[in-house]
2 protein chains.
Amino acid sequence: MSGEHDFIESLRALATHPAARNLEDDTAVLEIGSETLILTHDAMVEGVHFLSDQDMADVAWKLVATNMSDLAAKGAKPVGVLLGHMIGGDDMRFVQGLREALRHYDCALLGGDTVSGSGPRSFGLTAIGTATHTPVPSRAGAKVGDAVYVTGPLGAAMLGFEALKTGDEDEFCAFTRPKALIEEGQLLAPIVTAIMDISDGLLLDANRMAKASKVTFAMDTAKVPIAPPESRREEALRWGDDYQLLFTANRDADLPLLAYRIGEVLPRSTSPLLLDGSPPDPQDTLGYQH
Amino acid sequence: MSGEHDFIESLRALATHPAARNLEDDTAVLEIGSETLILTHDAMVEGVHFLSDQDMADVAWKLVATNMSDLAAKGAKPVGVLLGHMIGGDDMRFVQGLREALRHYDCALLGGDTVSGSGPRSFGLTAIGTATHTPVPSRAGAKVGDAVYVTGPLGAAMLGFEALKTGDEDEFCAFTRPKALIEEGQLLAPIVTAIMDISDGLLLDANRMAKASKVTFAMDTAKVPIAPPESRREEALRWGDDYQLLFTANRDADLPLLAYRIGEVLPRSTSPLLLDGSPPDPQDTLGYQH
């Protein structure tokens, strides 16, 4: 929508603080005294980001995980969250999921606001973390000659979503209880040139990173680790919600963890992305656009 | 609702971090390195906190002002905000109001999230400030023998709300464009024993402060400065949205600004509040309960 585009551009124009420089990163980097804070806010709306019949414990977990994944991509250590909660429905299950998620991330509930409302519910969460490495990495630093890496298989959340119908808990946890890669982010922050979490699909997010870095990523799609069978590779590359980390690093860098090399960084050509040598079809949305 | 009560109690039980100690204050006080951060989050829902036909610029202004008022009550200096925005309706007016409010408070838009949704819209705002005085004052510190003060007249927002129908802009600005008392809060922080902003009505908030401080406030209601005619005093004492500051201080303290002495702090008796010597009627809600 052009109205929406104008709105977002107007918001962007307002975000002139140096901390908001990388607004595309979904996070603010704020120097406060001797510390560098990482701040992020994500909202979830019933009917858009979750369904009315979903277990509210899973919704709370995911709300936390989404924010934690933004912190992970900055190499941040989680400190706490503030919750904006709309009362209605299974609030006690929501608290249960929130409790589990905060325990998992060793992160505190610091405060927030509880409101009443009618119609579709929405929740907002602000997460605060402290940088473990400065300068804090962004998605804009990929350099020509770097290699492109991903931390783990994609498409697990896709299988999990499908397993929701079959009731196989082992599989659907990948969708209902995604885990942000906090430790991995902290290990990677000192060595990456660019990093982001994959929330909307590998190809879409790789496209964003290449654009932000003003380079082209030449992806070797066969090298991307995937969770589903080979026949579903194209889908796995475009499905979101896996929260793996996508990063670039010098091709000779000594990686502190296992990661998969899936491409290389070239000077910017006509397309920010080359898939096995060719630009993607213009009709290809590459991932989950929202 | 008992379900709502259980839910809020459960949330409270989760908020074990020292920064969330005074969860009733609507703010978290977080020591980060050499600085003390103040964090607050407020949400506004269409049909509950604002009406569909309201100017969205005013809605944005109020969302910022509500959060800034929480910072004011901590003597904090605003640093920035993160916005959770649901697209739909007059988003450009929203941005306009947001721009005006952030300029007024010299506060930056640091980031946030923009989501689509259907049905009533909701917005969340997280504000971050730095303490200008430590220990950061809370609403729990009123001492027996202190005097109770308010910074200015109450009921101006009530008149403004009514003027919305008559179109008298001079008056309705008090309702549509409330101003948080940031400078006043910074001046008061070093000398108060307890402080909070009045968002839900003087009497209701005074009752909360007295409860939190485990004392009784004996209020001399005739001494409360009010904006409307004398005949509407009872309403003015119960109407919210004025964002004046309510505080207690030693009765001999040298106040750094003009404030009105409206009561005194007594040892806790049967009621946290005495109005001209008598406990309020148990049916009296004292203010805006939500």
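What counts, and where the lines are drawn
Residues numbered from 1 in each chain as written. Chains lettered and ligands numbered in written order. Predicted model: local features only at pLDDT ≥ 70, side-chain atom pairs only at ≥ 80, totals over all residues. Heavy atoms only, no water. Pairing = 2+ DSSP bridges. Helix = DSSP H or I, 4+ residues; strand = E, 2+ residues; numbered from the N terminus. Axes fitted to C-alpha atoms, helices over the stretch in contact; angles between N-to-C directions. Contact = heavy atoms within 4.5 Å. Buried area = accessible area lost by both parts, 1.4 Å probe. Salt bridge = Lys/Arg side-chain N within 4 Å of Asp/Glu carboxyl O. Polar contact = N/O pair within 3.5 Å; in protein donor to acceptor, adjacent residues only side chain to side chain. Least-squares fit on C-alpha atoms with pLDDT ≥ 70 in both. Expected span 1.5 Å × (residues − 1). Buried < 20%, exposed > 50% of the residue type's maximum accessible area, 1.4 Å probe, protein only. Domains from an automatic or database assignment. Nonpolar A, V, L, I, M, F, W, Y, C, P; charged D, E, K, R; others polar.

Whenever strands of a sheet pair, they do so through backbone hydrogen bonds, lying parallel or antiparallel. All names here are of chain A. If you trace the 5 strands from one edge of the open sheet to the other, you get 1-2-5-3-4, paired in mixed fashion. The open sheet has two free edges, formed respectively by strand 1 (27-32) and strand 4 (108-115), since each of these has just one partner strand. Adjacent strand axes in the sheet meet at a mean angle of 20° when their direction is disregarded. As paired strands, strand 3 (residues 76-86) and strand 4 are joined by 7 bridges and run parallel to one another. By the bridge assignment, Leu-82 is partnered in strand 4 with Gly-111. Relative to the sheet, helix 3 (residues 91-104) contacts strand 3, strand 4 and strand 5 (122-131), its axis offset from that of strand 3 by approximately 175°.

Let us now look at the interface of chain B and chain A. In this assembly, 58 residues from chain B lie in contact with 57 residues from chain A. Of the roughly 4,600 Å² buried where chain B meets chain A, counting both sides, 77% is carbon and sulfur surface. Between chain B and chain A we count 0 salt bridges in total. Taken together, chain B and chain A are joined by 5 residue pairs in polar contact (both at pLDDT 80 or more). Of all the elements in the fold, those that place two or more residues in the side of chain B that touches chain A are helix 1 (2-14), strand 1 (27-32), strand 2 (35-45), strand 3 (76-86), helix 3 (91-104), strand 4 (108-115) and strand 5 (122-131) of chain B.

On to the side chain of Gln54(A). Mapped onto the elements of the fold, Gln54(A) is located in the loop between strand 2 (35-45) and helix 2 (56-72). Only 2.9 Å separates the side chain of Gln54(A) from the backbone nitrogen of Leu51(A), close enough to count as a polar contact.

Expressed as a screw operation, the relation of chain B to chain A combines 0.0 Å of axial shift with a rotation of 180°, fitting to an RMSD of 0.0 Å. Both copies of the chain, as the preceding transformation shows, are related through a two-fold rotation axis. A shared binding surface is used by both copies, with 98% of the interface residues of chain B retained as interface residues in chain A.

All names here are of chain A. Taking 1.5 Å of rise per residue, the 12 residues of helix 7 (residues 202-213) would be expected to cover 16 Å, and the 16 Å separating its terminal C-alpha atoms lies within 8% of that figure. Within helix 7, 9 of the 12 residues are buried, which leaves the element mostly enclosed by the surrounding structure. Looking at helix 7, one finds that the buried residues are Leu-202, Leu-203, Leu-204, Asp-205, Ala-206, Asn-207, Met-209, Ala-210 and Ser-213. Packed against the buried residues of helix 7 are strand 7 (194-197), strand 8 (215-219), strand 9 (245-249), strand 10 (260-267) and strand 11 (273-275). Positive phi appears at Lys-214, one or two residues downstream of helix 7, with a value of about 55°.

All names here are of chain A. Its domain assignment divides chain A into domain 1 (2-131) and domain 2 (147-275). Taken over C-alpha atoms, the centre of domain 1 sits 22 Å from the centre of domain 2. Between domain 1 and domain 2, roughly 1,600 Å² of surface is buried when both sides are summed, and carbon and sulfur atoms account for 54% of that area. Viewed at the interface, domain 2 and domain 1 are joined by 3 salt bridges. Sorting the residues of the side of domain 1 that touches domain 2 by element identifies helix 2, strand 3 and helix 3 as the ones contributing at least two each. Broken down by element, the residue count for the side of domain 1 that touches domain 2 peaks at 11 residues, all from helix 2. Here the side of domain 1 that touches domain 2 is built from residues that sort into 10 nonpolar, 5 polar and 5 charged.

Let us now look at the pattern of salt bridges. Tallied over the full model, the rule gives 28 salt bridges over all chains. Across the salt bridge formed by Arg177(A) and Glu100(A), the nearest N and O atoms sit 2.5 Å from each other. Of the two residues, Arg177(A) is situated in the loop between helix 5 (169-176) and helix 6 (182-188) and Glu100(A) in helix 3; the sequence distance between them amounts to 77 residues. Taking the relative accessible area as the measure of exposure, Glu100(A) reaches 24% and is therefore partly exposed. A salt bridge links Glu162(B) to Arg232(B); its shortest N-O distance comes to 2.6 Å. Taken together, the positions of Glu162(B) in helix 4 (residues 156-166) and Arg232(B) in the loop between strand 8 (215-219) and helix 8 (233-236) put the pair 70 residues apart, joining distant regions of the chain. Because the salt bridges share partners, they merge into one network encompassing Asp58(A), Glu100(A) and Arg177(A).

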